[in-house]
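Structural characterization, general
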Amino acid sequence: MREPPLSTLSGWGRHSAPGRERVGEDLERISADVNLSRGLGRSYGDASLPPDDEPNVLNTTFADRILGFDEVTGLFRAESGLALSELNRLLMPRGYFSPVSPGTKFVTLGGMVAADVHGKNQHKDGNFGDHVTKLKMRVGDGRVVECSPEQHPDLFRATIGGMGLTGHILEVEFGMHRIPSQWIWQESRRIQNIDEFQDALEESALEWPYTMGWIDCLARGKNMGRGILMTGRWAEADQAPSRAPKRGFQPTLRFDWPSWVLSGLTIRLFNELYYRKQWRRRSSGIVSHESFYYPLDAIRSWNRMYGRRGFTQYQCVLPREAGRSSARRVLDVLTTRGGASFLCVIKDFGRESRGILSFPRPGITLALDIAVRDDTQDLVDALNEQVLQEGGRIYLAKDSFTRREHFEAMEGPRLDEFRAIRDRWDPNRRFRSAQSVRLLGD
Amino acid sequence: MRVAFLGATKGMGRALARLMAERGDTICLLGRNSADLERSAADLSVRGAIPPVPSVACDLEKPDTFAPAIDAAREALEGLDAVVVTAAVFATQEELEADAALAERLVRINFSNTVMFCEAAKKALLEEGGGTLCVFSSVAGERGRKPVIIYGAAKAGLTRYLEGLDHKHRAEGLRVITVKPGFVKTSMTAGLEPPPFAGEPDGVAERVLSAIDRGAPVVYAPAPWRLIMAIIRALPRAIMRRISF
Ligand SMILES: Cc1cc2nc3c(=O)[nH]c(=O)nc-3n(C[C@H](O)[C@H](O)[C@H](O)COP(=O)(O)OP(=O)(O)OC[C@H]3O[C@@H](n4cnc5c(N)ncnc54)[C@H](O)[C@@H]3O)c2cc1C
Ligand SMILES: NC(=O)c1ccc[n+]([C@@H]2O[C@H](COP(=O)([O-])OP(=O)(O)OC[C@H]3O[C@@H](n4cnc5c(N)ncnc54)[C@H](OP(=O)(O)O)[C@@H]3O)[C@@H](O)[C@H]2O)c1
């Protein structure tokens, strides 16, 4: 096989590393001597990037065949490079949707398992990994094995949320959910502050399958955490337009914006306008699933908005035990340091997932998009120290700045369990990423 | 449309077969690896919500498989309206110069064996009273070019053969379609630096399917390669000797 040239690989936040991507339809054949898989590169940080000493990665996106779909039970099996966008395009018209969907459809099944992604229905349906019934993998000793809750359960649980560190996921089998239409009945509601937000999320969790909120991160004092709560459920066939949602014009950002464009001032302006847009206390109506689930997909390559240095997303979860005020304390760290986040998302989590290193736990999650500046490392350090005090943790799919000692302190016994399984399945540490070297030491 | 498809397991063939399945065409897969054909068959049948897609053994390196494979496809499809060939192999000029056996094999697969496969396909289609024979050649066959001398020569031969077939049999209802892809990002070109205007398999597939439906004898894909090759064809030898394109 021709060796691809060394190039620059980057995560969605444009954090980059030198690397080589091997592509091919036959993952089983070409995965034998590569040490990390990556899908569509939608993880923000360095999770899908190779470590310094081993530039080769496997790009799975050519391996995208559907291997089976039971139209009665919804059981679905495909190669791991299949994109969620393709799954939606094919199966939504037939009344099926992924049991869990992240906020972009440009992710692969392999990436959804490896990050154990969550969606707006986390409080009700858990994570993607909770719906996976079987995985086919290439593991450290070169074997190809299947794992499931019954078969090699340790490998299965470590792979879900394991960020590619247990081996190459070749095939994924999971259960699809039935949907009555491709439209969402959405309700949005203005929220005055962070405390009201948490009450509102808790209340709506009982009533709505899909919930999430957008926060104006610049508002301080009594307005801190003001924003808009969005809730939704699938529209019944008789409420929804009979046509399928149209795909509108999708602009692409073709150049990097200069960094001053997203300054504190413009972010303040955007946030103010966005908040004012919801001028009614409450509004509701039928919207397409695309605008509900994937508002950011409407602009291709929107990450270029952050310019050359890129951005990071800081996403943490604060456990319920830390109490209502924990979210306020974390936002305080951001605002007192003058950190301006263009986009800030809040969501409540229900249960913990079955993945050993999976992110969610019962509580509240905050996700802050932060442009990379000279002081970003300090800001992330300060946020991590606060999150540690609250007993929370961070999401690996978004991270590129966390320090090893912070991560180890957040994860504690979970990390020991993960390491033990890695020792069993990959004692020589074949599978490594730039992120694993940074956070786990290997 | 009932289609016998050689090369649907990968690349542009995979993309084109998917478009056909999704609009309800019936397909029979021809190829050399039966386990892999089964996987592609499953993919196509789920995408098209169509009954199990049959597959038949056929290897471009084994000419004795050609006629039996086409007959088997005809039987499985209960007739035949189109034969599509995307199968071929590629190697760089350096690789071919360094390995005479590889060069001989490439010329045999891409030229003589593909021609013999098309002869068998032509016969079957004419027996059916006509139909479409769509074969992937390449822009590499348009002009003698330094990076693709041997591969390009085999494709040039194939292009001429297909042109002749079209001239001879169009009146009998056999529509021969020559596809000339430019650089397309598939595993065939993996590891090569993509030039400007490099295409994706899905875009090529859409253009080719529309050419099949219209019966257009020649289709360049992606579209800009039509103009690029018009320029390349017009360049004097003195310039071709100097550039490395
Ligand atoms: C706009 C946007 C919104 C998002 N919203 C959400 C959200 O709401 N919820 C959420 O949970 N996430 C969200 N994400 C993050 C995203 O869902 C995850 O990062 C996901 O893993 C990306 O999938 P990918 O195919 O791009 O994987 P990559 O980014 O390419 O890889 C991610 C990780 O998965 C591993 N991996 C990928 N494929 C394989 C494989 N076949 N075998 C083994 N390991 C593999 C990689 O090694 C890496 O560690 C969002 C991202 C963006 C850009
Ligand atoms: N990609 C480009 O840039 C480009 C440019 C110009 C022209 N083309 C031409 O376009 C066509 C498709 O190219 P592609 O890039 O899609 O190729 P590809 O991804 O490499 O796919 C090649 C296909 O050919 C099949 N094949 C190879 N050898 C075979 C054999 N001996 N017997 C049977 N089947 C065989 C393969 O089947 P297996 O699954 O069994 O391997 C596969 O399905 C080819 O004719 C190519 O020459 C390509």
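Note that the structure is predicted; figures quoted are calculated from it, not measured.

Moving on, we come to the site of ligand 2. Residues and elements named next belong to chain B. Around ligand 2 sit 29 residues in total, of which Thr9, Lys10, Arg32, Tyr151 and Thr186 are the nearest. Tyr151 places a polar side-chain atom, nitrogen or oxygen, 2.6 Å from an oxygen atom of ligand 2. One nitrogen or oxygen atom from the side chain of Thr186 is found 2.5 Å from an oxygen atom belonging to ligand 2. Burial of ligand 2 by the protein amounts to 94% of the accessible area it has alone, namely 890 Å². The set of elements that each furnish at least two residues to the shell around ligand 2 consists of helix H1 (11–22) and helix H6 (149–169). Here the residues of the shell around ligand 2 are counted per class, giving 13 nonpolar, ten polar and six charged.

Before going further, it helps to spend a moment on the side chain of Arg393 of chain A. Mapped onto the secondary structure, Arg393 of chain A falls in strand E19 (residues 393–394). Once residues lying within four places of it in the same chain are set aside, the contact partners of Arg393 of chain A are Gln315, Cys316, Val317, Glu352, Ser358, Phe359, Pro360, Arg361, Val387, Met410, Glu411 and Arg414 of chain A.

The next point concerns the sheet that holds strand E2 (residues 16–22) of chain A. All names here are of chain A. If you trace the four strands from one edge of the open sheet to the other, you get E1-E2-E4-E3, paired in mixed fashion. Every interior strand has two partners, whereas the edge strands, strand E1 (7–10) and strand E3 (37–38), have only one. The pairing of E2 with strand E4 (residues 56–59) spans three bridges and is classified as parallel. Looking across to E4, one finds that Arg22 is bridged to Leu58.

A word on the interface of chain B and chain A. Facing 28 residues of chain B, the contacting portion of chain A comprises 22 residues. Buried area between chain B and chain A, both sides added, is near 1,900 Å², and the carbon and sulfur share of it is 44%. For the chain B face of the interface with chain A, the top three residues by lost area are Arg39, Val46 and Arg47 of chain B, together amounting to 33%. At the boundary of chain B with chain A, the tally comes to seven salt bridges. Linking Asp64 of chain A and Arg14 of chain B is a salt bridge whose minimum nitrogen-to-oxygen distance equals 2.8 Å. Put simply, the parts of the chain that give the side of chain B that touches chain A at least two residues each are H1 and helix H2 (34–48) of chain B. Sorting elements by how many residues they give to the side of chain B that touches chain A places H2 of chain B first, with eight residues. Grouping the constituent residues of the side of chain B that touches chain A by class yields eight nonpolar, nine polar and eleven charged.

Reading the values: the criteria
- Residues numbered from 1 in each chain as written.
- Chains lettered and ligands numbered in written order.
- Predicted model: local features only at pLDDT ≥ 70, side-chain atom pairs only at ≥ 80, totals over all residues.
- Heavy atoms only, no water.
- Near = heavy atom within 4 Å.
- Polar contact = N/O pair within 3.5 Å; in protein donor to acceptor, adjacent residues only side chain to side chain.
- Areas by Shrake-Rupley, 256 points an atom, 1.4 Å probe, with all protein chains shown as cover.
- Helix = DSSP H or I, 4+ residues; strand = E, 2+ residues; numbered from the N terminus.
- Nonpolar A, V, L, I, M, F, W, Y, C, P; charged D, E, K, R; others polar.
- Contact = heavy atoms within 4.5 Å.
- Pairing = 2+ DSSP bridges.
- Buried area = accessible area lost by both parts, 1.4 Å probe.
- Salt bridge = Lys/Arg side-chain N within 4 Å of Asp/Glu carboxyl O.

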